[in-house]
Amino acid sequence: MAFRIEKRTGALLVALALLAPAGLAQGLKYDVFHAHAPYIRKAGDTGTLTIGDEGVSFTETRQRHAWRWSYQDIQQLKIAPKSLTVLTYKDNKWKLGADREVHFDLVGDKTFEDAVQLLKRRLDQRLVMAIPDRVSNILWEIPVKHLQRLGGDEGMLQVGTESIVYQSADKAESRTWRYEDIDNISSSGPFDLTVTTFERAKAHYGNRKDFNFQLKARLEEARYNDLWLRLNQTEGLKILR
């Protein structure tokens, strides 16, 4: 009887393996364009970008370039619906030793959104999600304007039990932050909220990036305090009640 049960179990596991998507075993593959020089579209080539459990790799169609980065070798990975940027630890001799950054743009109608869940499992605060992920448990939301050096963009700020999402009308400016991706929050009043993240920004103090939001509705003090507690409890702060 035991042998028969083990045999059936083994057959079931084999069947499930055969039904599993190939991408889970071999990685998610994308047709991309890699610019050899930033912002010069013609100076580059197409190739295949693979995102898997062990890391990210790229093979150029003409095989002039081929890279593979394990997740421990990635200083920051920024993913947007149609683009992906890998910041490595390698020095760029053409930029006085600045860390080398490699940028990819998707070719065709496909997006990177199906790779977000895989990357969330493999990367910590080094993952920058310029994609508005779905908030499963929304605690509250508020319409905002994201203030930038020159102008800004408008959208909706959603606060959930596990993450904060900024859904911008300009999709490139959208963000999803897990609480562990946030360094601090601050406010100078009920119509102001600043989210300080671990996203790299050399123009900001401590290489952190601030997202300054002008709120279109009043942020109640109780909601701000609850958000502050959630953030700090994530960082290990024990609150005495």
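The structure under discussion appears in the preceding block.
A brief structural summary. All chains use their own residue numbering, which begins from 1 and follows the written sequence. Per-residue local features of the predicted model are confined to residues with pLDDT of at least 70, and side-chain atom pairs are confined, for both listing and counting, to 80 or more; whole-chain, interface and lining totals are unaffected and use all residues. Side-chain figures throughout are based on the complete set of non-hydrogen atoms in the structure, without hydrogens or water.

A word on the nonpolar core
Formed by 27 residues in total, the largest nonpolar core has its most connected members in Ile51, Leu77, Ile79, Leu84, Phe112 and Leu119. Residues belong to a common nonpolar core when they are buried Ala, Val, Leu, Ile, Met, Phe, Trp, Tyr or Cys residues joined through side-chain atoms within 4.5 Å. Categorising residues by exposure relies on relative accessible area from a 1.4 Å probe, with only protein chains included: less than 20% of the type maximum marks a residue as buried, more than 50% marks it as exposed, and the intermediate range marks it as partly exposed. With 20 residues, the next largest nonpolar core counts Leu157, Tyr166, Val195 and Tyr224 among its residues.

A few points about empty space enclosed by the protein
Points on a 1 Å grid over protein atoms alone make up a cavity when a 1.4 Å probe fits among them but cannot get out, and a pocket when they form an open set with protein on both sides within 12 Å along at least five of seven lines; lining residues each have an atom within 4 Å of a point. Grid points are joined across faces, edges and corners, and a volume is the space filled by probe spheres set on the points. Enumeration over the complete set of coordinates arrives at one cavity of 30 Å³ or more. By volume, the largest cavity is sized at about 80 Å³. Lining the largest cavity, in full, are Gln125, Leu127, Val128, Met129, Arg175, Thr176, Trp177, Asp181, Thr197, Phe198 and Glu199. If you list the elements that add at least two residues to the lining of the largest cavity, you get strand 8 (127-129) and strand 12 (175-178). Looking at side-chain class alone, the lining of the largest cavity contains five nonpolar, three polar and three charged residues. Numbering of helices and strands starts at the N terminus; helices are DSSP runs of H or I of at least 4 residues and strands are runs of E of at least 2. As a working rule, the residues Ala, Val, Leu, Ile, Met, Phe, Trp, Tyr, Cys and Pro are called nonpolar, Asp, Glu, Lys and Arg charged, and the rest polar, with Gly in that last group.

Quick word on the pairing of strand 15 (residues 209-215)
Relative to strand 15, strand 9 (residues 138-147) runs antiparallel, the two sharing four bridges. Across the sheet, the residue bridging to Lys145 is Gln214, located in strand 15. A pair of strands counts as paired when DSSP detects no fewer than two bridges linking them. As paired strands, strand 14 (residues 192-197) and strand 15 are joined by six bridges and run antiparallel to one another. Residue pairing in the sheet places Leu193 in a bridge with Phe213 of strand 15.

Regarding the packing of aromatic side chains
Note on ring pairs: Phe, Tyr and Trp rings are taken, using the six-membered ring of Trp, and paired if centres are within 6.5 Å. Classes follow the plane angle, with under 30 degrees stacked, over 60 edge-to-face and the rest tilted. Here the structure, examined in full by the defined rule, presents eight aromatic pairs. With a centroid separation of 5.9 Å and 25° between ring planes, the pair formed by Phe58 and Trp67 is classed as stacked. Of the aromatic side chains, those joined through ring pairs into one cluster are Phe58, Trp67, Trp69 and Phe104.

Considering the layout of surface pockets
There is about 160 Å³ of room inside the second largest pocket. Here the residues of the lining of the second largest pocket are counted per class, giving two nonpolar, six polar and five charged.

A word on helix 4 (residues 221-234)
An α-helix turns once every 3.6 residues. As a result, residues three or four positions apart point the same way. Look at helix 4: 20 Å from first C-alpha to last across 14 residues, which is about the 20 Å you get at 1.5 Å a residue. Along helix 4, the residues that are buried comprise Tyr224, Leu227, Leu231 and Asn232. Viewed end-on, helix 4 has its buried residues packed into an arc of 125°, placing them on one side of the element. We call two residues in contact when some of their heavy atoms are within 4.5 Å. Packing partners of the buried residues in helix 4 comprise strand 9, strand 10 (152-160), strand 11 (163-168), strand 13 (182-186) and strand 14. To estimate the expected span of a helix, count its residues, drop one, and scale the result by 1.5 Å. In this context, the arc is that of the directions from the helix axis out to the C-beta atoms.

Structural notes on the pairing of strand 4 (residues 66-70)
When strand 3 (residues 55-60) meets strand 4, the two strands line up antiparallel, connected through five bridges. Bridging across to strand 4, Gly55 finds its partner in Ser70.

Quick look at the pattern of salt bridges
Pairs can form between side chains of opposite charge once their charged atoms are near each other. By definition, a salt bridge exists where a carboxyl oxygen of Asp or Glu is found within 4 Å of a side-chain nitrogen of Lys or Arg. Applying the stated criterion across every chain yields a total of 10 salt bridges. Across the pair Asp45 and Arg62 runs a salt bridge, and its minimum N-O distance is 2.5 Å. Of the two residues, Asp45 sits in strand 2 (residues 44-51) while Arg62 sits in the loop between strand 3 and strand 4, which places them 17 residues apart along the sequence. Residue Asp45 is classed as buried on the basis of its relative accessible area of 10%. Two residues, Glu199 and Arg175, come together in a salt bridge whose shortest N-O distance is 3.0 Å. A residue pair is termed long-range when its members are at least 10 positions apart, and Glu199 in the loop between strand 14 and strand 15 and Arg175 in strand 12 qualify at 24 residues. Considered together, Glu199 and Arg175 belong to a single accessibility category, that of buried residues. Because the salt bridges share partners, they merge into one network encompassing Arg175, Glu199 and Lys209.

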